[in-house]
Amino acid sequence: MPVEAFKYSESLTLGVELELQLVSLSDFDLVDASPDMLELLGRAPFPGNVVPEITESMIEISTDVHTGHAGLLAQLQAIRDALVRAGDRLNVGVCGGGTHPFQQWSERRIFSKPRFNEVSALYGYLAKQFTIFGQHVHVGCTSGDEAMFLLHSLNRYVPQFIALSASSPFVQRSDTLFNSARLNSVFAFPLSGRAPFVLSWDEFANGYFAHMERTGIVNSMKDFYWDIRPKPEFGTIELRVCDTPLTVEHAAALACYLQALCRMLLERSAPPPAESDYLVYNYNRFQACRFGLDGTLVDPKTYVQRSLREDILATLRGVEHHSQALGCSTAIDRLHGVVREGSDASYLRRQHAESGSAEGMVGAAIQRFRQTTQPRADQPR
Amino acid sequence: MDWLTRAADLAWPMAIAAAWVLGELASRATRLPRISLYVLVGFLLSHAQVGLLPRPSESAMLFVADVALGLILFEFGYRINLQWLRVNQWVGASGLLASVTTFFAVLWLAAAFGLDPLTGALLAALAMATSPAEVLRVVNEQRGSGQVTERALHLAALNCVLAVFVFNVVIGLWSFQTFGSVSQAVSSSLLVLAVSTALGVVFGFSVPALLRRLGPLGPRATIGLAIAVLLIVALAQALQASPVLAALTFGLTARHRRVALDPAQRNFGALGDLLTVLLFVFVGATLAWSRVAQGLWLALALVGVRLLTQVGATLLFARVGGISWRKGVLTGVALSPMSALVIVLLVHARSRGIDLMDQLAPLAGATLILGVAGPLLTQLALRWAREAHPSPEP
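Residues numbered from 1 in each chain as written. Chains lettered and ligands numbered in written order. Predicted model: local features only at pLDDT ≥ 70, side-chain atom pairs only at ≥ 80, totals over all residues. Heavy atoms only, no water.

## Concerning the overall build of chain B
Each helix and strand in chain B was counted, giving 18 helices and 0 strands. Expressed as a percentage of contacts within chain B between residues at least 6 apart in sequence, the contacts between residues at least 24 apart total 83%. For chain B, the accessible surface area stands at approximately 15,200 Å², while carbon and sulfur atoms represent 71% of it. (Helix = DSSP H or I, 4+ residues; strand = E, 2+ residues; numbered from the N terminus. Contact = heavy atoms within 4.5 Å. Areas by Shrake-Rupley, 256 points an atom, 1.4 Å probe, with all protein chains shown as cover.)

Spelled out as structure tokens, the structure:
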């Protein structure tokens, strides 16, 4: 089936999807609660959209289209409150984090939906290993060409988003030494990586995609697991590299950073994207996953190396007046705080050290997600 | 006759071996839970039937069976989140309703069959029980995960505590009536409960603290916990308290201290599996066919009534408690087992000089029926709720 025509979307509008963990409040392991949660949430109108994900211990929420930080944050908070209230009734904790620190992938159960069953049949254990939790941010584009331009201009900033959102240091009870171990699971898929370097939508749709479709490898855009992926039926590009942050406030901040960044890029005052930008892409991305904010970024043109921290701070300064125009200065301030104090990955590591167990780490993540809702004195520690 | 006594020493190990082998073979063929088969083997080889095994209350096996049940109850207590019962009060309400209605329904049933009130009360108290042992073993075997699993576990804990409490109170009344001694009455009920709970709480605070002092133990922490269970069961027996309540309270309290029970050590590993075989063979071995036959009709009625009240209670509060009608029904079904708990309570009573086995003959029948059918019902409930996820047979 040929790819759809790129729908017009108002420029710089936002939509956020979050994949969240469903954890048993009895033993803090992942629990196959999504059918029960969905049944309970279905009884009342939900302040957003909630759907199952590939395994039954994941749940995905998505917001409506927003133009600014305030509206987006308000909806995310309402969604969080609804999820937490439902979870409390079911002895289920909801939390962020890119991976669950000690779940065993072999114990996961595939949610029974045709697409998931297909994916599971095709990819074998990779499907169960895909019990990872990410944030996807959609940015509206007025045309397919604008989408492709943004997609390739953003590649240089992908490591920044990885470092700022990293929240998956532990896998199977061990410290992986990565800040974002989640992305290693994504890269295992054959159709992961990045979009081919074409700047015209026409060339992409009728050239590349048509070709790929004829080979029989892909049927739709959904089969690609790229870091940034165009979504023609929404009229957006989708950034998929972020780990699910531990709070919805952080999620909103990341989305608005992307919005401000796109506004800056659309000025077209920077040198245009080139194929050679991708020479350093894989390695910069690895640095961000492994070292987070302390990682090293290499510029493909000037060969200058600098730390991700410095790079992020420079960009944050650069988008300041754009963020003011969009009304999301609080988001940028929040990200300054993250650069100063460390990402969610370092928070989780600290919690592990303090509590002495992986369960304590999960307990802390659950508490952090609840934040401004009615604090529930869960078992101390 | 020397060789006879020597042969008798072999009885238990042989029985356990036979039970395990038959359990492995038959469970693959019939898809019955293994523990159902252990109960059957124990029943067949029992002193009262074939005469192979010695009388349970006279052997050291009682202590080992206590430890086996203690380990399961500890792990059970460890998995319970009391906070949830406070947040979602309908769960606790359905448990309370189930216990209360079961008690009065069985009381009425006993009267209808012509039993005297006190015997009826004893029967009713024990019928309230849901045995956590079978429920947890089946949940772990099936790797249950979901609302029916959660609610079955929490309600089983609630039923178990209520049943032990009421049973001890009724025993107190019974022994007062029988022996006319107030001290017997008192010692048989409230003191037992208080001492057992205190024991559990003390262990629950001190053992995790000790384990933490010994340094990062990782999976070896489970050995420490198993030894602690051994100690608490021995202490409870020595103090004439309830090892059941002590072990459960220990688990509940220890959870708060967060010494993590590594999931790989669920069931306490091979130790737990071995002791489970023994426990359920033991349960079967206490049952005599003569008693089973004697009270069979009442036993069947009891099983039926119990199922009705439990399903009714969970169904009533299903929707308001946050789950579907279907899962409400299945939760009640999953609460069917009662055998291990009932037998251990009765054998303990007997070793304290209160022999209820003959009086409560209908219970023998109910125990046999539910010993085999109980775990099967729990397994079916989990399967029908689509919450079972057994590891693929190699």
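Having seen the model, we can carry on.
## A few points about the packing of aromatic side chains
In this structure the tally under the stated criterion is 23 aromatic pairs over all chains. Ring centres of A:Phe224 and A:Trp226 lie 4.1 Å apart, and the angle between their planes is 20°; on these two criteria the pair is classed as stacked. In this pair, the class of A:Phe224 matches that of A:Trp226, namely buried. For the pair B:Trp12 and B:Phe282, a centre-to-centre distance of 6.2 Å together with 25° between the ring planes defines the contact as stacked. Here B:Phe282 lies in helix α13 (residues 269-285) and B:Trp12 lies in helix α1 (residues 2-30), a separation of 270 residues in the sequence. Since its relative accessible area comes to 5%, B:Trp12 is described here as buried. Members of the aromatic cluster, each reached through a chain of ring pairs, are A:Phe6, A:Trp201, A:Phe204, A:Tyr208, A:Phe209, A:Phe224 and A:Trp226. Here the basic side chain of A:Lys231 rests over the ring of A:Phe234, its NZ or CZ set 5.0 Å away from the ring centre. (Phe/Tyr/Trp six-rings, centres within 6.5 Å; stacked < 30°, edge-to-face > 60°. Buried < 20%, exposed > 50% of the residue type's maximum accessible area, 1.4 Å probe, protein only. Lys NZ or Arg CZ within 6 Å of the ring centre and 35° of its normal.)

## Concerning the packing of helix α9 (residues 248-265) of chain A against helix α11 (residues 308-318) of chain A
All names here are of chain A. Closest axis-to-axis distance for the α9/α11 pair is 10 Å, and the angle between their directions is 70°. Judged by the inter-axis angle, α9 sits roughly perpendicular to α11. Here α9 runs over α11; the crossing is left-handed. For the pair formed by α9 and α11, the contact residues are Tyr257, Leu261 and Met264 on the first element and Ile312, Thr315, Leu316 and Gly318 on the second. (Axes fitted to C-alpha atoms, helices over the stretch in contact; angles between N-to-C directions. Parallel < 35°, antiparallel > 145°, perpendicular 65-115°, else oblique. Left-handed = near helix turned anticlockwise from the far one by under 90°.)

## Concerning the interface of chain B and chain A
If you look at the interface, chain B gives 35 residues, while chain A gives 29 residues. Here chain B packs against chain A, burying approximately 2,700 Å² in sum over the two surfaces, 38% of which is carbon and sulfur. The interface formed by chain B and chain A holds 2 salt bridges in total. With a shortest N-O distance of 3.9 Å, B:Arg319 and A:Glu39 are connected by a salt bridge. Where chain B touches chain A, the interface holds 17 residue pairs in polar contact (both at pLDDT 80 or more). (Buried area = accessible area lost by both parts, 1.4 Å probe. Salt bridge = Lys/Arg side-chain N within 4 Å of Asp/Glu carboxyl O. Polar contact = N/O pair within 3.5 Å; in protein donor to acceptor, adjacent residues only side chain to side chain.)

## Here's the deal with the pairing of strand β2 (residues 49-52) of chain A
Residue and element names in this part refer to chain A. Taking every second residue as pointing to the same face, the buried face of β2 carries Val50 and Pro52, while none of Asn49 and Val51 on the other face is buried. Note that β2 and strand β3 (residues 58-62) share 4 bridges and pair antiparallel. Bridge assignment links valine 51 to a residue of β3, and that residue is glutamate 60. (Pairing = 2+ DSSP bridges.)

## Section: the nonpolar core
The biggest cluster of nonpolar side chains holds 128 residues, and the ones touching the most others in it are A:Met37 and A:Phe161. Residues in contact with A:Phe161, not counting those within four places in the same chain, are A:Leu239, A:Val241, A:Cys242, A:Leu254, A:Tyr257, A:Leu258 and A:Leu261. Grouped together as the second largest cluster of nonpolar side chains are 125 residues, B:Ile72, B:Val170, B:Phe250 and B:Phe282 included. (Core = buried A, V, L, I, M, F, W, Y, C linked by side-chain atoms within 4.5 Å.)

## Brief notes about the pattern of salt bridges
All names here are of chain A. Scanning the model with the defined rule gives 24 salt bridges over all chains in all. Between aspartate 175 and arginine 349 there is a salt bridge whose closest N-O contact spans 2.9 Å. Here arginine 349 lies in helix α14 (residues 344-355) and aspartate 175 lies in strand β7 (residues 174-175), a separation of 174 residues in the sequence. The class of aspartate 175 is partly exposed, set by a relative accessible area of 33%. By relative accessible area, which is 22% here, arginine 349 ends up partly exposed. Between lysine 301 and aspartate 277 there is a salt bridge, with its nearest N and O atoms 2.8 Å apart. Of this pair, lysine 301 sits in the loop between β12 (296-298) and β13 (305-307) while aspartate 277 sits in the loop between α9 and α10 (281-291); the two residues are 24 residues apart in sequence, bridging distant segments of the chain. A relative accessible area of 11% places aspartate 277 in the buried class.

## Focus: helix α13 (residues 329-341) of chain A
Here α13(A) spans 18 Å end to end across 13 residues, near enough to the 18 Å set by a 1.5 Å rise per residue. The complete set of buried residues in α13(A) reads A:Ala331, A:Ile332, A:Leu335, A:Gly337, A:Val338 and A:Val339. (Expected span 1.5 Å × (residues − 1).)

## Observations concerning helix α2 (residues 34-45) of chain B
Along its 12 residues, α2(B) runs 17 Å from first to last C-alpha, staying within 8% of the 16 Å computed at 1.5 Å per residue. With 10 of its 12 residues buried, α2(B) lies for the most part within the structure.

## Remarks on the environment of B:Leu193
Residue and element names in this part refer to chain B. Here leucine 193 shows up in helix α10 (residues 190-213). Separated by 28 residues in sequence, leucine 193 and phenylalanine 165 place their C-alpha atoms 6.9 Å apart. For leucine 193, the residues in contact, after removing those within four places along its chain, are Val164, Phe165, Asn168 and Leu245.

## Points about the side chain of B:Asn81
Along the chain, B:Asn81 falls in the loop between α3 (61-78) and α4 (82-87). Within the local environment of B:Asn81, its side chain forms a polar contact with the side chain of A:Asn91, the two groups lying 2.8 Å apart.

## Remarks on unusual backbone geometry
Notably, A:Asn91 is not glycine yet its phi reads approximately 60°, a positive angle. The phi torsion at B:Arg31 lies on the positive side, around 60°, for a residue other than glycine. Of note, B:Arg31 is situated in the loop between α1 and α2.

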